[in-house]
Amino acid sequence: MELSLSPQQREFAEQVREFVGARLPRDIADKVRRDQHLDREDHMRWQRILGEQGWHAFTWPEQHGGPGWSIVQRYLFEVICAEMNCPIIQPFGPRMAGPVIYTFGTDQQKQRFLPGIRDSTVWWCQGYSEPQAGSDLASLATWAEDKGDHYLVSGQKIWTSYAHYADWMFCLVRTSKTERPQTGISFLLIDMRSPGVEVQPILMLEGTHSFNTVFLENVKVPKENLIGEQDNGWTYAKFLLEHERVDNAAIGVTKAAMRRLKEIAASEHGDDGGTLMEDPLFHRKLVEVESQLQSLEVTALRILSQVAAGEAPGPAASLLKIRGTEIAQRISELASQAVGYFALPYQPDYLHDAGSETPVGPDHAATAANNYLWRRCMSIYGGSNEIQRGIIAKRMLEM
Amino acid sequence: MDLSFSEEQNMLQESVSRLVRDHYSFQRRQQRLEDGEDLWLRFAELGWLAVPFGEDQGGIGGGAVDVGIVMEGIGRALAVEPYLPHMLASQLLARLAPEPLRDRYLSPALSGDCRLALAFIEAGGRYCPWFCATAASESSDGYQINGAKDLVPGGQSADAYLVIARSHGDTRDRQGLSLFLVEREHPGLQVRRLRTNDAAGAVQLTFENLQLDAGARLGDADQVWPELEHTLDLGAVYQAWEAVGAMAALSEVTLDYLKTRKQFGRPLGANQALQHRMVDLFIAVEEARSSALCAALAMDTDDADERRRNVSLSKIAVDRCARLVGQEAVQLHGAMGVTDELSVGHYFKRLTAIIASFGDSEWHARRIHRLDTASLSSSSQPARSQSWN
Ligand SMILES: Cc1cc2nc3c(=O)[nH]c(=O)nc-3n(C[C@H](O)[C@H](O)[C@H](O)COP(=O)(O)OP(=O)(O)OC[C@H]3O[C@@H](n4cnc5c(N)ncnc54)[C@H](O)[C@@H]3O)c2cc1C
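Cut-offs used in this document
Residues numbered from 1 in each chain as written. Chains lettered and ligands numbered in written order. Predicted model: local features only at pLDDT ≥ 70, side-chain atom pairs only at ≥ 80, totals over all residues. Heavy atoms only, no water. Phe/Tyr/Trp six-rings, centres within 6.5 Å; stacked < 30°, edge-to-face > 60°. Helix = DSSP H or I, 4+ residues; strand = E, 2+ residues; numbered from the N terminus. Buried < 20%, exposed > 50% of the residue type's maximum accessible area, 1.4 Å probe, protein only. Lys NZ or Arg CZ within 6 Å of the ring centre and 35° of its normal. 1 Å grid on protein atoms, 1.4 Å probe; cavity = no way out; pocket = protein on both sides within 12 Å on 5 of 7 lines; lining within 4 Å. Points joined across faces, edges and corners; volume = space filled by probe spheres on them. Nonpolar A, V, L, I, M, F, W, Y, C, P; charged D, E, K, R; others polar. Salt bridge = Lys/Arg side-chain N within 4 Å of Asp/Glu carboxyl O. Patch = residues over 30% accessible without salt bridge, like charges linked within 9 Å, V, L, I, M, F, W, Y side chains within 5 Å. Areas by Shrake-Rupley, 256 points an atom, 1.4 Å probe, with all protein chains shown as cover. Polar contact = N/O pair within 3.5 Å; in protein donor to acceptor, adjacent residues only side chain to side chain. Contact = heavy atoms within 4.5 Å. Pairing = 2+ DSSP bridges. Axes fitted to C-alpha atoms, helices over the stretch in contact; angles between N-to-C directions. Parallel < 35°, antiparallel > 145°, perpendicular 65-115°, else oblique. Left-handed = near helix turned anticlockwise from the far one by under 90°.

Novice: An account of the packing of aromatic side chains is requested, with residue identities and associated values reported.
Specialist: Applying the stated criterion to the full structure yields 31 aromatic pairs over all chains. The interplanar angle of 80° and the centroid separation of 5.7 Å between the aromatic rings of A:Trp55 and A:Phe77 together place this pair among those described as edge-to-face. Separated by 22 residues along the polypeptide, A:Trp55 in the loop between helix H3 (40–53) and helix H4 (71–83) and A:Phe77 in helix H4 bring together distant segments of the chain. Side by side, A:Trp55 and A:Phe77 carry an identical accessibility label, which is buried. Taken together, the ring pairs connect A:Phe12, A:Phe19, A:Trp46, A:Trp55, A:Phe58, A:Trp69 and A:Phe77 into an aromatic cluster. If you follow A:Lys223 out to its NZ or CZ, it ends over the ring of A:Tyr151, 5.2 Å from the centre. Over the ring of B:Tyr24 we find B:Arg32, and its NZ or CZ is 4.6 Å from the ring centre.

Novice: An account of the layout of surface pockets is needed here, citing residue identities and associated values.
Specialist: Residue and element names in this part refer to chain B. One number sums up the size of the second largest pocket: a volume of about 880 Å³. Along the wall of the second largest pocket there are 35 residues; nearest its centre are Leu33, Glu34, Val80, Ala199 and Ala200. Here the element with the most residues in the lining of the second largest pocket is helix H2 (residues 26–35); it accounts for 7 residues. Residue classes in the lining of the second largest pocket are distributed as 11 nonpolar, 11 polar and 13 charged.

Novice: If you had to explain the pattern of salt bridges to someone new, which residues and values would you point to?
Specialist: All chains considered together, the criterion is met by 52 salt bridges over all chains. In this structure, the salt-bridge partner of B:Arg309 is B:Asp372, at a minimum N-O distance of 2.8 Å. Residue B:Arg309 is found in helix H9 (residues 304–332), and its partner B:Asp372 is found in helix H11 (residues 361–377); the two are separated by 63 residues along the sequence. Overall, the relative accessible area of 26% leaves B:Arg309 in the partly exposed class. Residue classification places B:Asp372 among the partly exposed positions, given a relative accessible area of 36%. Because the salt bridges share partners, they merge into one network encompassing A:Asp271, A:Asp272, A:Asp279, B:Arg126, B:Asp360 and B:Arg366.

Novice: Could you give an account of a nonpolar patch on the surface, naming the residues involved and the relevant values?
Specialist: Residues and elements named next belong to chain A. Together, Met396, Leu397 and Met399 make up a nonpolar patch on the protein surface, roughly 370 Å² of accessible area in all. Along the polypeptide, leucine 397 turns up in the segment after helix H13 (385–396). Residue classification places leucine 397 among the exposed residues on the basis of a relative accessible area of 54%.

Novice: How would you explain unusual backbone geometry if you had to name every residue and give the values?
Specialist: The bulk of non-glycine residues show a negative phi, and the bulk of peptide bonds are trans. One non-glycine residue, A:Asn85, lies in the positive phi region at around 65°. Structurally, the position occupied by A:Asn85 is in the loop between H4 and helix H5 (92–104). Judged by relative accessible area, which is 15%, A:Asn85 ranks as buried. Even without a glycine there, the phi angle at B:Phe358 is positive, about 55°. In this fold, B:Phe358 is placed in the loop between helix H10 (343–355) and H11. On the basis of relative accessible area, B:Phe358 is assigned to the buried category, the value being 13%.

Novice: So what's going on with the side chain of B:Asp360? Residues and values would help.
Specialist: For B:Asp360, the location among the structural elements is in the loop between H10 and H11. In terms of polar contacts, B:Asp360 uses its side chain to reach the side chain of A:Gln337, at 3.0 Å. Not counting chain neighbours up to four residues away, the residues in contact with B:Asp360 comprise A:Asp271, A:Gln337, B:Arg126, B:Tyr127, B:Asp319 and B:Ile355.

Novice: Give me the lowdown on the pairing of strand E4 (residues 160–166) of chain B, citing residues and values where you can.
Specialist: Residue and element names in this part refer to chain B. Counted residue by residue, E4 has 7 buried out of 7 residues, so it is predominantly covered. Here E4 shows a buried face lined by Ala160, Leu162, Ile164 and Arg166 and a second buried face lined by Tyr161, Val163 and Ala165. As defined by bridge partners, strand E1 (residues 116–119) adjoins E4 across 4 bridges and the pair is classed as parallel. Pairing of leucine 116 across the sheet is with alanine 160, part of E4. Alignment of E4 against strand E5 (residues 177–183), held across 7 bridges, turns out to be antiparallel. When the sheet's bridge partners are listed, alanine 165 is paired in E5 with serine 178.

Novice: Could you give an account of the packing of helix H9 (residues 280–308) of chain A against helix H10 (residues 316–338) of chain A, with specific residues and numbers?
Specialist: Relative orientation and spacing of two packed helices are given, respectively, by the angle between their axes and the distance between those axes. Residue and element names in this part refer to chain A. Two numbers describe how H9 lies on H10: the axes approach to 10 Å, and their chain directions differ by 155°. Classified by the angle their axes make, H9 and H10 are roughly antiparallel. Along this stretch, H9 crosses H10, giving a crossing that reads as left-handed. Along its contact with H9, which presents Phe282, Lys285, Leu286, Val289, Gln292, Leu293, Leu296, Thr299, Ala300 and Ile303, the element H10 presents Ala316, Leu319, Leu320, Arg323, Gly324, Ile327, Arg330, Ile331, Leu334, Gln337 and Ala338. Class assignment for the residues of the contact of H9 with H10 results in 14 nonpolar, 4 polar and 3 charged.

Structure, rendered in structure tokens:
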């Protein structure tokens, strides 16, 4: 057993640091460091740079054009990227659509779709949830009528993150009505420019537009865009959900947020003079979450070494999702508390790095409060934390 | 002992409930925000602006509980009318203003014709309530003010501000604070409008060589801290009642959602795991209600330490409940809870702002700590206890 890195791993880490140091655009890093919102172009610019290096699809095996990194290398890559203020790689292509396509797709589908994901020239979105199918995803009702060489798809998807940026959507649809709702579902790839696709924004409580509702009305989808077998889509969807949960622990990003919280505490004034960091009551709260984060990181590494040994993450992924999101939420809450009254103002110009007005209060205040409000969604998406607890109770504890 | 409302209080509560019911559906609230309208004059007509003032001043002689009854309605309604800042400022005005100033501003404040706000927050002091870098230097015929009040909640529509400024001492002294009335249009005053997460809005005030004559001062020079402290306690109490109204409404909305939203072929509320969480919300609302009441009653005592202790205990309790109810209500609504479309997110944002105002739990814990440790040594040094707060 060994928690420290081997010389090869250290060399790898050095290589990642060097690359990021040389290629990460300054303006993007500044935005990430300040917790400002990124637009589509910011993400794509960085992801294309990674793509050129062959690192955008960093979890992929070599046979599909990925770097073929070990679990530890991937982990190091994520932690270092976050530490150096890289934007989060949008998961919808490389972490979601990609693995499903290379695992269950045809050769033709692989040739057609994988390069755009690797190079980050195509933005994907995830069309799973529907108004009546949230936690109970299998009750989805979007209907795909079999028309011989194509399907006609009609229905409504909701909460579709970045559908307004997306070129393609991977989508769960119903292709037959069966006793068990899970069995009649198919996995389709839909071109967002198809006639009949309409994207409507849904504003989030803290003022951002990230998710949408997507109306599908008689959208013609060629049969060649069906992944795997018709009616077998649930299997592929579940495969993907488990991947998503491990990702949702987001250790690298959370460690960076912890560091940032400490910077904020060190620069904020305490009530009685000195810095907030010197306030024992606030510091106690900070340490509480830091200790949870330490434990989460090692838990993640334990699960990752199981995965490296060839075991599936299984329900343990739910544990990472629950704690990972709770800790990230708590950190953002403390950052918001740290700024005191300056958590009140809403300063969208600063959040979006638009306009020239300087924010009222310290710079980090404008983003800290907004971030806290935004992060409430982390325990809801990717399978809510209640659903994850249900999975652990049922599948691990057999209750 | 009797903890039930009086006849008058029941009537006030009825009038508050009626206005909230008839005019503050979430949709109408949102519409008014968009149109930039408010119901301030209705507040005035209903006598709400006059609640805590003596009859000789044109008021109805109510106390903190009575203002609390209005505040609870404001919380439930998610009303953004700046009732709380206006009441704090006008109560200070009534108590401290020299006669000409009071004659000029008080009755318009009670009739809704003049809106006031209290400017006491500066960047750099966090929750230290006596932190003040804004300087009031004596000049030949009055004062010259320089500095900034970086956040004045509810200050967007104010016609005049009551401004805390330092006439003596260092930024962190309790002594040396004075209070001034500054009209919005006064030369040398810059007013920057700020949006806030809770949509109530605020302003930042900047003073540049702003000249005031001596008559613009309220209360004694350098000595305004005890009055300010009392006023900030009052703010915490009023706000606690607002939080109770918001929490009660939010937990009702959540209960309703759990009963109607179906997943897996049954209502969400059929899951025992969620039932228990809903029960915790219910308990939190009752706890907060009791704490708010206790703090309001404590505003009537002459024992300042007793008041401090009760207000601080209440702030800590209400914050804890508000955090739980706000976060859980969002969570139990799933993705709907993080949208701008339902009232849920807006209640959550208002509760979050309340938690962040008038001192956080740590500030209040420290104040109680000072009281507890002072009473430890008070037997040997009784004279010192006065200076501890
Ligand atoms: C920011 C954000 C981004 C998203 N992006 C996408 C996306 O890109 N694509 C996509 O398809 N979907 C997306 N989603 C949707 C997400 O997957 C759903 O919100 C989630 O599955 C929960 O469904 P729901 O919102 O309908 O809540 P509901 O299922 O209605 O649940 C409401 C509450 O009840 C709880 N609950 C439900 N059932 C049970 C039970 N049996 N036991 C205990 N508790 C229960 C839930 O945990 C939740 O707290 C996104 C959501 C968010 C918030």
